[in-house]
Amino acid sequence: MIITEEVLKMSSERADGEHPVDLAPHKEKKHRSQFEAESISTLICFCLVSFNTSDMSSDCRFVDLSNSLESVPVLIEQRSSALTFPQFQYSPDNVQGPGCTLDPSEVTLPGCSCLSHSCSSESCSCLQTHGQAYDSTHTLLHRTHSGYCSPVFECNALCSCGDACSNRVVQRGLTLKLEVYSTEKRGWGVRTLKSIPKGTFVCEYAGEVISFEEARRRQLAQRAEDNNYIIAVREHAGEGSVTETFVDPAKVGNVGRFLNHSCQPNLLMQPVRVHSVVPRLA
Ligand SMILES: [Zn+2]
Ligand SMILES: [Zn+2]
Ligand SMILES: [Zn+2]
């Protein structure tokens, strides 16, 4: 998820002195009829809330939902009732699910041979082939082609550039402090603990990568009260070539599964390829 507007607006102060601001999407992702594959131009956008706070990670009411799998803790308030705690397996990255013929953790893309600290478009084969997606501060550049987002390819495990290369962003994982919290009427939501500049990578929507058939089977097996977490992304590569990716974070997923949709979204979804041709939904 990439932030689309600066999250600065603070809502009213809570009893504990914090000022929440939320993140949320356009589309009804938790609605059963929303199964149609979406073109990138109409991707789900989510809304994130931010709030001022002291260091909550040292507050014993909060635990790390990621179990230290993320480099920064994903905070969630420890409730007394276990029933209110979300039941799923945390995974920061996509995992291979039923019907997916490719393992998303395998390196399947070629790398560049840049020996510099950070790649530059004059000499880097990655940037020359796919274009520059980020500026030097790791902010996503606004790149649309005929109303569609351009695909993003980051430097990968086979590239010889350093870890600080500006073409490595989503692969670094979470860097922002996020909190998963229970909203009043819309189940779980995600909020940020500080304001985020526009174009900043927030989090992936990671889960099981599954086939179309498996996605359809899972959707048909859902009960009316179940949430539908499956996101379908359709990418057009010209000449009628279409790639579809189905991600389901219901049982295995990351913090992205808790994002709520919104009529005033402040996040957009951008497919990003790092080591594998299987895109990450950033
Ligand atoms: Zn690089
Ligand atoms: Zn390079
Ligand atoms: Zn590279």
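Residues numbered from 1 in each chain as written. Chains lettered and ligands numbered in written order. Predicted model: local features only at pLDDT ≥ 70, side-chain atom pairs only at ≥ 80, totals over all residues. Heavy atoms only, no water.

In its Subcellular location (unreviewed entry) section, the UniProt entry covering the chain states "Chromosome". (UniProt positions renumbered as here; feature names shortened; annotations may be inferred.)

Enquirer: Which residues make up the coordination of the zinc ion (ligand 3), and what values go with them?
Expert: Here the zinc ion (ligand 3) is held by the protein donor atoms Cys 112 (SG), Cys 126 (SG), Cys 155 (SG) and Cys 159 (SG), which lie 2.4 Å from it. Because the angles between the 4 donor atoms bound to the zinc ion (ligand 3) fall within 98 to 117°, the donor set is best described as tetrahedral. Mapped onto the sequence, the donors of the zinc ion (ligand 3) take the spacing C-x13-C-x28-C-x3-C. Here the zinc ion (ligand 3) and the zinc ion (ligand 1) are spaced 3.9 Å apart, and both take Cys 155 as a donor. Of this pair, Cys 126 sits in helix 1 (residues 125-130) while Cys 155 sits in the loop between strand 11 (152-153) and strand 12 (178-182), and the two are 29 residues apart along the sequence. (Donors = N, O, S within 2.8 Å, 3.2 Å for Na, K, Ca; no water. Tetrahedral: all angles 85-135°; square planar, octahedral: opposite > 155°, others 65-115°. Helix = DSSP H or I, 4+ residues; strand = E, 2+ residues; numbered from the N terminus.)

Enquirer: Describe the pattern of salt bridges, and please don't skip the residues or the numbers.
Expert: Applying the stated criterion across every chain, the model contains 12 salt bridges. Arg 61 serves as the salt-bridge partner of Glu 77, at 3.4 Å between the closest nitrogen and oxygen. Here Arg 61 lies in the loop between strand 4 (46-50) and strand 5 (62-64) and Glu 77 lies in strand 6 (residues 74-77), a separation of 16 residues in the sequence. According to the relative accessible area criterion, Glu 77 is partly exposed, its value standing at 26%. (Salt bridge = Lys/Arg side-chain N within 4 Å of Asp/Glu carboxyl O. Buried < 20%, exposed > 50% of the residue type's maximum accessible area, 1.4 Å probe, protein only.)

Enquirer: Residues and numbers for the nonpolar core, please.
Expert: Among the nonpolar cores identified, the biggest contains 30 residues, and Val 202 and Val 255 are the most heavily contacted of them. Among the secondary structure elements, those contributing two or more residues to this core are strand 6, strand 12 and strand 15 (231-236). Filtering out sequence-adjacent residues up to four positions away, Val 255 remains in contact with Val 74, Tyr 90, Leu 174, Leu 178, Val 180, Val 190 and Cys 203. Core analysis: the second largest hydrophobic core is formed by 11 residues, Tyr 134, Val 169, Val 170 and Ala 282 among them. (Core = buried A, V, L, I, M, F, W, Y, C linked by side-chain atoms within 4.5 Å. Contact = heavy atoms within 4.5 Å.)

Enquirer: Residue-level account of the confidence of the model for the chain, with values.
Expert: Of all residues in the chain, 76% attain a pLDDT of 70 or more, and the chain-wide mean is 81. A low-confidence stretch, residues 8-20 stays under pLDDT 50, and its non-local contacts, those more than four residues away or across chains, total 31 contacts. Considering only residues more than four positions removed or in separate chains, one finds that residues 25-45, a stretch of pLDDT under 50, has 75 contacts. (pLDDT = per-residue confidence, 0-100.)

Enquirer: Give a description of the packing of aromatic side chains that names residues and reports values.
Expert: Geometrically, a pair of aromatic rings is defined through the distance of the ring centres and the angle of the planes. Counting across every chain of the model gives 4 aromatic pairs. With a centroid separation of 5.4 Å and 70° between ring planes, the pair formed by Phe 88 and Phe 258 is classed as edge-to-face. In this pair, Phe 88 sits in the loop between strand 6 and strand 7 (89-90) while Phe 258 sits in the loop between strand 16 (242-253) and strand 17 (260-261), placing the two residues 170 residues apart along the sequence. Taken together, a centroid distance of 5.7 Å and an interplanar angle of 55° make the contact between Phe 212 and Phe 246 tilted. One end of the pair, Phe 212, is in helix 2 (residues 212-221); the other, Phe 246, is in strand 16, and 34 residues separate them in sequence. Taking the relative accessible area as the measure of exposure, Phe 212 reaches 32% and is therefore partly exposed. (Phe/Tyr/Trp six-rings, centres within 6.5 Å; stacked < 30°, edge-to-face > 60°.)

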